[in-house]
Amino acid sequence: EQPVYIFSEATTDNDICITTNSTPLTGSVEITVQSEDISASVNSDYSRVLQRLTFTPGITTKCVRIEIQGTDMQCEIEESILIRIDIITGQKHAGLFLQNATVIITDAVPFDTLYNFGSSAGDL
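## Observations concerning the confidence of the model for the protein
Mean pLDDT over the protein: 78, with 73% of residues reaching 70 or higher. Within the protein, strand β4 (residues 50-55) carries the highest mean pLDDT (93), whereas helix α1 (residues 111-114) carries the lowest (47). In the model, residues 111-124 has pLDDT below 50 throughout and makes 9 contacts with residues more than four positions away in sequence or in other chains.

## Things to note about the side chain of T106
You can see T106 is positioned in strand β7 (residues 101-106). On the accessibility criterion, T106 (19% relative accessible area) is buried. Contact partners of T106, with chain neighbours within four places excluded, come to I6, F7, S8, E9 and E78.

## Some details on the side chain of S35
Mapping S35 onto the fold places it in strand β3 (residues 29-37). Note on S35: relative accessible area 9%, which makes it buried. Apart from the residues within four sequence positions on either side, S35 is in contact with Y46, R48, V49, L82 and I83.

Definitions and limits used
Residues numbered from 1 in each chain as written. Predicted model: local features only at pLDDT ≥ 70, side-chain atom pairs only at ≥ 80, totals over all residues. Heavy atoms only, no water. pLDDT = per-residue confidence, 0-100. Helix = DSSP H or I, 4+ residues; strand = E, 2+ residues; numbered from the N terminus. Contact = heavy atoms within 4.5 Å. Buried < 20%, exposed > 50% of the residue type's maximum accessible area, 1.4 Å probe, protein only.

Written out as structure tokens, the structure is:
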């Protein structure tokens, strides 16, 4: 199953980590990690991700920063992006946890904070 990360607009710097499985690497493996819009939009909801990472024997984890754009004070539905991971060079089945991931961006401002509906119709 594809990993899902949930980040709030209120937290602008978030990391996702790619790890090796229990099979030790016997050589270097280079991968790309890149973002693709699903319902979120690059440059307005998040900063584009395009990184190359190299795993060498003994290195088991590498992290990538996902920068969420700051709070826009608009009540929005959750938005999402795809983080795609591809092997560029190295062992074919490198023992890397090479699953794409989904990042869900939640609203920083709760709906009831922006719109106070009160507890009864008389409060409107």
